Amino acid sequence: MTVDRQHLARLAENQPRSGGRFRNLEPTVAHGLGDFLRWQLAPGRRFPKGRRYTLLSPDAGKLAHPPAQPQLTWLGHASFLFQYEGLNVLTDPVLSDRASPFAFVGPRRYTPPALSVEQMPTIHRVLISHNHYDHLDEATVRRLHRRFGDDLCFCIPRGLRRWFEKRGIRNIVELGWWQSQALSASEEVFFLPTQHFSGRGARDGNTTLWGSWLLEIDGYRLYFGGDTGYGTVFQQIGELFAPIDLALLPIGAYDPRWFMSPVHVDPEEAVRIHRDIGARQSVAMHWGTFVLTDEPMDEPPRRLHQALADQGVAEADFRIMQHGETRAFPMQDSAADPLADGAA
């Protein structure tokens, strides 16, 4: 990958922390318990109705023998199976019925996962963006480790090593923002900033890092955006890494804006990220699986369609996939691509 390594090294020296806890690169409003209760207890407020979406059934046999071109399957929420050059990669695999530390309470899943661990091809890499329960699911992690063992490498944010090692997982790549590691002769992974936060309990807020991943496999660049609010960091990512062949970007869990905007983008901001990072193609995620916030479950795709029209981006360049859908995303010809290096 062509990237300014010296610039990355300088950026990596600054891992913003305060009082032993990580913080975002840009100042963000921190909402405490009072703000949370103000949202939850607002007069007349109620969670929108849950909805189960059409679930396609991926062909497990075909997934075990994928085509030569890059291929993506949406499992639901922020969980994808990406396949290319013999590698099978999962993003934030969450297959449980609830995004919660408890099996009986917490956000429930309305659309089942498209694959079970037992139906998956051999998984080689897992990218974890942060430790919130709808992105780091202990039951799924344990099942993956039990089936694939130490041949499976977990790429994790700084501070999560102890959590994984307590569960017997040792094959770990733990990175801070702007850091990278070669995973093979043709494969390198970069951990990049987002605007969010971390925590699984009342006392561990921001003690582990959060972020996004850029995985480069034999010249193909996959960007997994994790969870994020909008910030200028995406312009910086674009300056360093564009063009990106395929970006997985969140479009849901954004209302009410006064509470959610620091940490969750809306569809209009997702399109801005698509443009900022120089994505050739993007796929929407973080919608249609759990009810986490106040917008109707079917609103994010509708708003995305309008945002694409308003910002002059073709719908074919930022796709909505169905749960369980498998789609190819071939590398584009850089010679004819306006996003190619040096073409801008």
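Residues numbered from 1 in each chain as written. Predicted model: local features only at pLDDT ≥ 70, side-chain atom pairs only at ≥ 80, totals over all residues. Heavy atoms only, no water.

Within the protein chain, the secondary structure is distributed over 9 helices and 16 strands. Relative to its 344 residues, the protein chain shows a buried fraction of 54%. Sequence separation of 24 or more characterises 71% of the internal contacts of the protein chain that already satisfy a separation of 6 or more. Roughly 14,800 Å² of accessible area belongs to the protein chain as shown, and the carbon and sulfur atoms make up 48% of that amount. A distance of 8 Å separates the average location of the 37 positive side-chain charges in the protein chain from that of its 40 negative side-chain charges. (Helix = DSSP H or I, 4+ residues; strand = E, 2+ residues; numbered from the N terminus. Buried < 20%, exposed > 50% of the residue type's maximum accessible area, 1.4 Å probe, protein only. Contact = heavy atoms within 4.5 Å. Areas by Shrake-Rupley, 256 points an atom, 1.4 Å probe, with all protein chains shown as cover. Lys, Arg positive; Asp, Glu negative; His and termini not counted. Charge placed at Lys NZ, Arg CZ, Asp CG, Glu CD.)

Relative orientation of the contacting elements helix α1 (residues 5-12) and helix α6 (residues 233-241) amounts to 150 degrees, with a least axis distance of 11 Å. The orientation of α1 relative to α6 falls into the category roughly antiparallel. In this structure, the crossing between α1 and α6 has a hand that is left-handed. Note on element contacts: α6 touches α1 through Gln 236, Leu 240 and Phe 241, opposite His 7, Leu 8 and Leu 11. (Axes fitted to C-alpha atoms, helices over the stretch in contact; angles between N-to-C directions. Parallel < 35°, antiparallel > 145°, perpendicular 65-115°, else oblique. Left-handed = near helix turned anticlockwise from the far one by under 90°.)

A few words now on the side chain of Asp 266. By the secondary structure assignment, Asp 266 is in the loop between α7 (257-260) and α8 (267-276). Owing to a relative accessible area of 10%, Asp 266 belongs among the buried residues under this scheme. Among the polar contacts made by the side chain of Asp 266, one reaches the main-chain amide nitrogen of Glu 269 at a distance of 2.9 Å. Residue contacts for Asp 266: discarding those within four places in its chain leaves Ile 251, Tyr 254, Arg 257 and Arg 303. (Polar contact = N/O pair within 3.5 Å; in protein donor to acceptor, adjacent residues only side chain to side chain.)

Position of Met 120 relative to the elements: it lies in the loop between β5 (87-91) and β6 (125-127). Between the alpha carbons of Met 120 and Ala 60 there is a distance of 6.7 Å; along the sequence they are 60 residues apart. Filtering out sequence-adjacent residues up to four positions away, Met 120 remains in contact with Leu 75, Leu 90, Leu 95, Leu 115, Leu 144, Arg 147 and Phe 148.

Moving on, we come to the sheet that holds β5. Read across the sheet, 7 strands follow the order β8-β7-β6-β5-β4-β3-β16 without closing on themselves; strand pairing throughout is mixed. If you trace the sheet from one side to the other, it starts and ends with β8 (172-175) and β16 (326-328), each paired once. Within the sheet, the average angular offset between the axes of one strand and its neighbour, ignoring direction, is 20 degrees. Bridge analysis of β6 against strand β7 (residues 153-157) gives 3 bridges, and the strand direction is parallel. Note that in β7 the partner of Leu 127 across the bridge is Cys 155. (Pairing = 2+ DSSP bridges.)

Right, let's talk about a nonpolar patch on the surface for a bit. Together, Leu 33, Phe 36, Leu 37 and Leu 41 give the surface a local cluster of nonpolar side chains, amounting to about 410 Å² of exposed area. Relative to the helices and strands, Phe 36 resides in helix α2 (residues 33-40). (Patch = residues over 30% accessible without salt bridge, like charges linked within 9 Å, V, L, I, M, F, W, Y side chains within 5 Å. Salt bridge = Lys/Arg side-chain N within 4 Å of Asp/Glu carboxyl O.)

Looking now at the packing of aromatic side chains. Counted by the stated rule, this structure contains 16 aromatic pairs. Ring geometry for Phe 36 against Trp 39: centres 5.8 Å apart, planes inclined by 80 degrees, an arrangement best described as edge-to-face. Taken as a pair, Phe 36 and Trp 39 lie in helix α2 at a separation of 3 residues, close to a single helical turn. Between Tyr 84 and Tyr 220, the aromatic rings sit 5.4 Å apart at their centres with planes inclined by 50 degrees, giving tilted as the arrangement. Of the two residues, Tyr 84 is situated in strand β4 (residues 79-84) and Tyr 220 in strand β12 (residues 220-224); the sequence distance between them amounts to 136 residues. Here Tyr 84 matches Tyr 220 in class, with each residue buried. The rings of Phe 36, Trp 39, Trp 258 and Phe 259 are connected pair by pair, giving a single aromatic cluster. Sitting above the plane of the Phe 22 ring, Arg 17 keeps its charged end 4.1 Å from the centroid. Just above the ring of Trp 163 sits the side chain of Arg 167; from NZ or CZ to the centre is 4.0 Å. (Phe/Tyr/Trp six-rings, centres within 6.5 Å; stacked < 30°, edge-to-face > 60°. Lys NZ or Arg CZ within 6 Å of the ring centre and 35° of its normal.)

This paragraph deals with unusual backbone geometry. With an omega dihedral of 0 degrees, the bond running from Ala 242 to Pro 243 counts as a cis peptide bond. Checked against the element boundaries, Pro 243 lands in the loop between α6 and β13 (244-250). Here the amide bond leading from Asp 255 into Pro 256 is cis, since omega sits at 0 degrees, within 30 degrees of zero. As for its placement among the helices and strands, Pro 256 is situated in the loop between β13 and α7. Phi is positive for Asp 92, close to 35 degrees, though the residue is something other than glycine. The phi angle at Trp 178 is positive, at roughly 70 degrees, despite the residue not being glycine. Mapped onto the elements of the fold, Trp 178 is located in the loop between β8 and β9 (179-184). You can call Trp 178 buried: its relative accessible area is 4%.

We now examine the pairing of strand β3 (residues 71-76). Taken across its 6 residues, β3 has 6 buried, putting it largely inside the fold. In this antiparallel pair of consecutive strands, β3 and β4, the connection spans 2 residues, and His 77 shows a positive phi of 55 degrees. In the sheet, β3 pairs with β16 via 3 bridges, with the strands oriented antiparallel. Paired with Thr 73 across the bridge in β16 is Thr 326.

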